[in-house]
Structures are given as C-alpha cells and as structure tokens.
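Below, each chain spelled out in residue letters.
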Amino acid sequence: MVANLVQGEKRRMNRAWGSSAVLSGLLLSMLAGCPADDAVVDGGVDAGEDARVSDGGWMQDGARDVGTGDTRPPPWDGGPPIGDCVPENLADDMVRVCIPFPSGVREFVVPLVDHSFGDRPPPDTANFDSGYEPGPGECSQATHDRYWVRGRDGQIYRTWHPPSAVDVETGEPCHFGHEHGDDPRTSVLYQWAGGVPFGIVNRLAQVDGHHRHEDHFGHKVVVQNDWQAVIGNPPDGEAITGTGFRCHWLSKVHQGTHSGDALGHNEHEYQNNTMCDDGAMRMPDPGRDVNTGPTHHTASSIRTLTTWGPPGAFKACDSLELMSYPGDGREPDEDADTNREIKCADFPNGWVWQERPRPITSESGHLDYEGKGIDELWKPWATIYNREGSRIFLSSAYYVVRDPIRVYNPEGGPIPRRDVDGDREVDAWIPTLEMCFAHPEVRICENLPEFPTDVPQTEWWRLPQSPFRGVVRVIHPKRIDVANRSDRSWFCTDYRGVETSADPTFTDRGVPMCPEGQLPQYVANTQNLWWGDATWGPAGGRGGIDGSDVNARNGGTVGAGYGHEWVRFFDADGIHAPN
C-alpha cells in the first residue's frame, strides 16, 4: 500500500499580531470548536515581532475503502477567522488550515483528516494491530473501536480516546480503564499533521520482518501550543533567555510503565510534529546567513521506531551502570544522548522519602506539582537520515513519569522476585504498590487507600485505587535539530527513519507517493541552528536552544528545573494498570 499524503500549500503572510493577548485569543478561538474530552491544553504566550512567514504544509490523503459504504469524514468546523485566514472546508474534502504565530498566520490547504472520535464505527476493512479487552464494567469493544484514524498508508488505526464514554451497546456511561494523554485535536497542528495513528510504524516494520508489537495502553499524546523557545537548559534550573520565537508541538510516544517489556526492548514508536517561526527571529550573525534555507522556519513531521537507550539493557537504581534485561532492538547512534532510567525497589538514594506529586499552579500560571514523586525517565533519539547518510532531523526530548506502576527489583533485593504479570516467567520488576507493602514507613507510600478484601493482595496494583498508575507525566522538548540543506522537504524512509529510495512521486493533488514499506517524512529544507551559537530575537540573545519558557521561575529568567516543564496530570475515574 503506498502512502498517501498531500502537500498543498499556500504561502502567505497575514497581519502580524501586535500583542501576546491577541495571539492567545486567536489560539483559544481556534480550539473553541475542539471537543475537550478530558484533554489538558497548556501553553504560555509572549509578545513577538513582525517577520516573514514561509513554510511547507502537508497532510494525509482522504482515501476511501471500496465496498464498505460511505466512510467520508464528517464536516469539519474550522472555527472563526484567524486574521484574514479563514479555516474552512473546501471542495474534494480539502480544508484550509490557519496556524497562528506572533510573526503572522500560516495558511495551508490540505485534505481533511479521515477519523472518528466515537461518532461512527470503523470501515469493514479495518484490521487493528493492537487490541483492547474490557474489564468488568468497562466500555465495550464496540465502543473502543469507534476511535480510529486513517493513516498515511491508507490503513485504519486506533487513535486517542477520552478515559470515559457512553457505551454504544448499553447507552450507559463507562470507563476504558486507561488514558492516552492530551486530545490531539486540541493541537493547532492536528489537521496539518494528518492525525495521530497508533502503531503505524510498527505495522510498517512488518514489511522488513522486524515487527515490534506494542500494546495499546502505552500510546501517549502530548499537545503544547504556543511556547517560546529559550537559550539555556531549563531542566538544569539555570538562567534562560527568551528567543522571541514560538512553536507548536504535537507528539506521540509509546511509553509503557506497567510491565518489563520496555526494560529490554529499546525501539518504541515515536511521532513528532513541530512548527516554529524561528526564521523570523534569527539575527544576522558574522559567518552565518540569517536565511539558512528556502523555508527558514523549523517545521517537521516524522514517524519512526525510535531508539531509547541501548537494547537489552537499561539504567536503574540511580546508577550509571546498565542492568541487562531480555530484549532486543538496535544500537543507537554513537553520539546518542538517550536512555531509559527507572528506580529500584531497594531505594539506595533516598527517593522514597519524597512525597507523591500534587498539582499546583506555577509562578507563570501553568500546571506544576509539589512533591517529587518517582522519577522514571525516557529519553529518545529520534532521527531522519537521507540516502547520502546525512542526519537531517533529530529530537531528543525528556519524557518523565512521576508515578510509574513498576520499579526495578534487583536480584537478592528486599522483595523476592516472582511472576508478577502471569506469563509464567519470574520478573525483575515489582509493582510500585507492592514495594510500599514491604516498606510502609517510606514517605512515597504514605496515606495508601483501602483495598477490597475480596481481591488478592497480589492484584491490588491493577486496581484504580492504586496511587501508582503512570498518569503524572512531564515533557521537556529539549531541541529540534533540522539540518536539511537540500532543495526538497519530502523523504521516503523505512521504519527507522532512513531514506532508502529515490524521491517520492507526487499525484496531481500534490500527494507524495512512497513504495510499499516506506513512509513519507516531512523535514523543512532549512538549517535551524538550534544546536549552534546563533543570535536570536530583538534582544540579540546568543546561544543554542534547549527548551521552553513554560513554568520558568524568577520572572521567566530561570528554567523550570528537571521534571517541571510541561506537566500533565491525567488522573480520571476508572484508570488502572495497565495504562
């Protein structure tokens, strides 16, 4: 099946905004028509300067199944005008998308995303790769199946759904028992990105005989609209300087914190969609051209099986030592800054004396928390390579969990190893809740709820009453490196993000076509200089980009600190392990 995408772009600059309040209002008006469904939408605003707007746009083609009836998308409510750009339906299921920045509004004409968020069943040809088996009293399989999206390859995939819904079989409210993070429809990039199909790269890898099955529960979406990139490293809590440019972010990771699978397997599906107006804030710099490419702005949309640390090993117990664990994958790049780190049941460094995190509002008005909680760190190394072997895209963000369902259980540790998950194999991990039963004196285990006596204690960690369910997560975007010095922005790659063929061909509608087993990847043809010692903004700040100003302290002059940038509490009724 060839991939169907559209690159239908109209380049224009609309009236630049004179204040942050205007931009904030525009974003809110764009999101007003998006269903909330327990979504968390978070993002600060800051005043920007007038500048150029020029970038590429794309989205999946509105392919149709034959013989299954009309599966056309329902009408799209594009929302109110953004400046003089009007988001609206056009002919042939095309839509006009308006993406606001302080430097202006970018307008794209792309196909409408073909999806259902509970309003209709999937086409008859749908063949979901990952399943959902409802527990007692949870939403039916038929209800869960109504949340789907058509991917770039024309196939139907599961996608985000709210934690609760109305069951299509009973007409009664129900819970799914798990959550997937932010509602992707609240992202201003959603239509431009072509939706968020869970497992599309896993299915792609089957063509190469490298199928990586990942359960449905671990797919987690992150939306962060309108954030300012900064010079300095926010996780270090050091001084930061605003660059004057802003970005929109929509990512999806597979982040399982409820089993041993991710401890040994280092390949996990990753999707990253980012768009910025950084070209508008690059200042002339000796030896560097302010116009570093035809598009000037950072814009990328990639989907790969990304490496997270080495295969068959992970870091644990606050140690640099790698712990071996059965698994496979592939070796990261030699210069990769990537790992998976979890805590130990024998708590050698005192993390258990911290309180469980509680939500608060930060100095800058965003969601934050007090109480350190448990630190489980996932750091990807997501790359796109062209056929000449040059790395043209890199993302190495932080994805942190503060209430993971499991901790590492060292051999000979205080808790005897056993088969935790029922697969008849003795596990090297233990539910965090069971560590608390063995050590009720530690602070992380204070004020545990009552558990039903008719359920065996070894199963309590699976119940919604457990305070360790993987629902408190923090994201730090780090940086996006774009170094595409070519005159093209489309690349056909394998599941690893490696270009393996000639350029994609394009239909008369501008749809990139890739051979079977490959996916189109969009990387703007520019060099964004985020990793360099560049000069940014009207204040002439000089340095590399390492994060955002969300949850900055001391009047925005000091970074948020590790684990305090884009904070999310996804707590909702009925959520339990696995999640």
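What counts, and at which threshold
Residues numbered from 1 in each chain as written. Predicted model: local features only at pLDDT ≥ 70, side-chain atom pairs only at ≥ 80, totals over all residues. Heavy atoms only, no water. Helix = DSSP H or I, 4+ residues; strand = E, 2+ residues; numbered from the N terminus. Buried < 20%, exposed > 50% of the residue type's maximum accessible area, 1.4 Å probe, protein only. Contact = heavy atoms within 4.5 Å. Polar contact = N/O pair within 3.5 Å; in protein donor to acceptor, adjacent residues only side chain to side chain. Pairing = 2+ DSSP bridges. Phe/Tyr/Trp six-rings, centres within 6.5 Å; stacked < 30°, edge-to-face > 60°. Disulfide = S-S within 2.5 Å. Axes fitted to C-alpha atoms, helices over the stretch in contact; angles between N-to-C directions. pLDDT = per-residue confidence, 0-100. Salt bridge = Lys/Arg side-chain N within 4 Å of Asp/Glu carboxyl O.

### Quick look at the overall build of the protein chain
Scanning the protein chain for helices and strands turns up 6 helices and 36 strands. Residue burial in the protein chain is summarised as follows: out of 579 residues, 62% are buried. Across the protein chain, every contact between residues at least 6 apart in sequence was considered, and the portion connecting residues at least 24 apart equals 74%.

### Remarks on the side chain of Thr-298
Here Thr-298 is to be found in the loop between strand S14 (267–276) and strand S15 (299–307). The class of Thr-298 is buried, set by a relative accessible area of 0%. A polar atom in the side chain of Thr-298 sits 3.1 Å from the side chain of Asn-528.

### Focus: the pairing of strand S32 (residues 519–523)
Taken across its 5 residues, S32 has 5 buried, putting it largely inside the fold. Here S32 shows two buried faces, one formed by Leu-519, Gln-521 and Val-523 and the other by Pro-520 and Tyr-522. Here strand S29 (residues 490–493) pairs with S32 via 4 bridges, running antiparallel. Paired with Trp-490 across the bridge in S32 is Tyr-522.

### Re the packing of aromatic side chains
As enumerated under the stated definition, the model contains 23 aromatic pairs in all. Each ring, one from Trp-308 and one from Trp-378, has its centre 5.7 Å from the other, and the planes form 75 degrees; the classification is edge-to-face. Residue Trp-308 is found in the loop between S15 and strand S16 (313–316), and its partner Trp-378 is found in strand S21 (residues 376–379); the two are separated by 70 residues along the sequence. Take Trp-308 and Trp-378: they sit in the same class, and that class is buried. Chaining the aromatic ring pairs together yields one cluster made of Phe-108, Trp-192, Trp-490 and Tyr-522.

### Description of the state of the cysteines
The full count for this structure, using the stated rule, is 6 disulfides. Across a sulfur-sulfur distance of 2.1 Å, Cys-247 and Cys-276 are joined as a disulfide pair. Between Cys-247 and Cys-276 the disulfide shows an S-S torsion of about 110 degrees. By sign, it is right-handed. You can see Cys-247 sitting in strand S13 (residues 241–254) and its partner Cys-276 sitting in strand S14, a full 29 residues away along the chain. Assigned by exposure class, Cys-247 and Cys-276 land together as buried. Each disulfide of the protein chain joins two cysteines, and with those cysteines numbered along the sequence the arrangement is 1-2, 3-4, 5-6, 7-8, 9-10, 11-12.

### Here's the deal with the sheet that holds strand S28 (residues 480–482)
As summarised here, the arrangement of the 3 strands in space is S22-S23-S28, forming an open sheet in which the pairing is antiparallel. For this open sheet the edge positions go to strand S22 (382–385) and S28, each flanked by a neighbour on one side alone. Neighbour-to-neighbour, the strand axes of the sheet open up by a mean angle of 10 degrees, direction not taken into account. In terms of strand pairing, S22 meets strand S23 (residues 391–395) through 4 bridges, oriented antiparallel. Across the sheet, the residue bridging to Tyr-385 is Arg-391, located in S23.

### A few points about the sheet that holds strand S8 (residues 147–150)
The sheet built from 3 strands is open, its strands ordered S7-S8-S9 with antiparallel pairing. For this open sheet the edge positions go to strand S7 (115–117) and strand S9 (156–158), each flanked by a neighbour on one side alone. Between one strand axis and the next, the sheet turns through 25 degrees on average, direction left out of account. Where S8 lies against S9, 3 bridges are found, and the strand directions are antiparallel. Across the sheet, Val-149 pairs through a bridge with Tyr-157, a residue of S9.

### Some details on the environment of Trp-566
Within the secondary structure, Trp-566 is located in strand S36 (residues 566–569). Considered as a pair, Trp-566 and Arg-473 are 93 residues apart in the sequence and their alpha carbons are 8.3 Å apart. Filtering out sequence-adjacent residues up to four positions away, Trp-566 remains in contact with Val-222, Gln-224, Trp-227, Trp-249, Arg-473, Val-474, Ile-475, Pro-477, Ser-548 and Val-550. A distance of 3.1 Å separates a polar atom in the side chain of Trp-566 from a polar atom in the side chain of Ser-548.

### Some words on the confidence of the model for the protein chain
Summing up the model confidence of the protein chain, the mean pLDDT is 84 and the portion of residues at 70 or higher is 87%. Every residue in residues 1–26 scores below 50 in pLDDT, and together they form 110 contacts with partners more than four places removed in sequence or on other chains. Scored below 50 in pLDDT, residues 28–71 makes 168 contacts in the model with residues more than four places away or belonging to other chains.

### What about the pattern of salt bridges?
Going through the model one piece at a time under the given rule, you end up with 35 salt bridges. A salt bridge links Asp-119 to Arg-120; the shortest N-O distance between them is 3.9 Å. The class for Asp-119 is partly exposed, based on a relative accessible area of 47%. Among the residues examined, Arg-120 registers a relative accessible area of 14% and is labelled buried.

### Considerations on unusual backbone geometry
As a rule of thumb, non-glycine residues mostly have phi less than zero, and peptide bonds are mostly trans rather than cis. Between Ala-577 and Pro-578 the backbone carries a cis peptide bond, its omega angle lying at 0 degrees. Structurally, Pro-578 can be placed in the segment after S36. A positive phi angle, near 70 degrees, is found at His-296, a position not held by glycine. Checked against the element boundaries, His-296 lands in the loop between S14 and S15.

### Overview of the environment of Gly-563
If you trace the backbone, Gly-563 turns up in the loop between strand S35 (545–548) and S36. A relative accessible area of 8% places Gly-563 in the buried class. Considering only alpha carbons, one finds Gly-563 and Leu-377, 186 residues apart in sequence, at a separation of 9.3 Å. Not counting the four nearest positions on each side in its chain, Gly-563 is found in contact with Tyr-369, Arg-402 and Val-474.

### Thoughts on the pairing of strand S19 (residues 358–361)
In this sheet, strand S20 (residues 367–370) lies alongside S19 in antiparallel orientation, the contact comprising 4 bridges. By the bridge assignment for S20, Thr-361 is matched with Leu-367. Once S19 ends, the chain turns through 5 residues before running back antiparallel as S20, passing Gly-365 with a positive phi of about 90 degrees.

### Brief notes about the side chain of Thr-307
Within the secondary structure, Thr-307 sits in strand S15. Its relative accessible area of 3% is what places Thr-307 among the buried residues. When near neighbours in sequence (up to four residues on either side) are disregarded, Thr-307 contacts Asn-266, Arg-330, Pro-332, Thr-338, Lys-379, Pro-380 and Trp-381.

### Let's talk about the environment of Pro-111
As for its placement among the helices and strands, Pro-111 is situated in strand S6 (residues 104–111). As for Pro-111 and Asp-92, which are separated by 19 residues in sequence, their C-alpha atoms are 8.1 Å apart.

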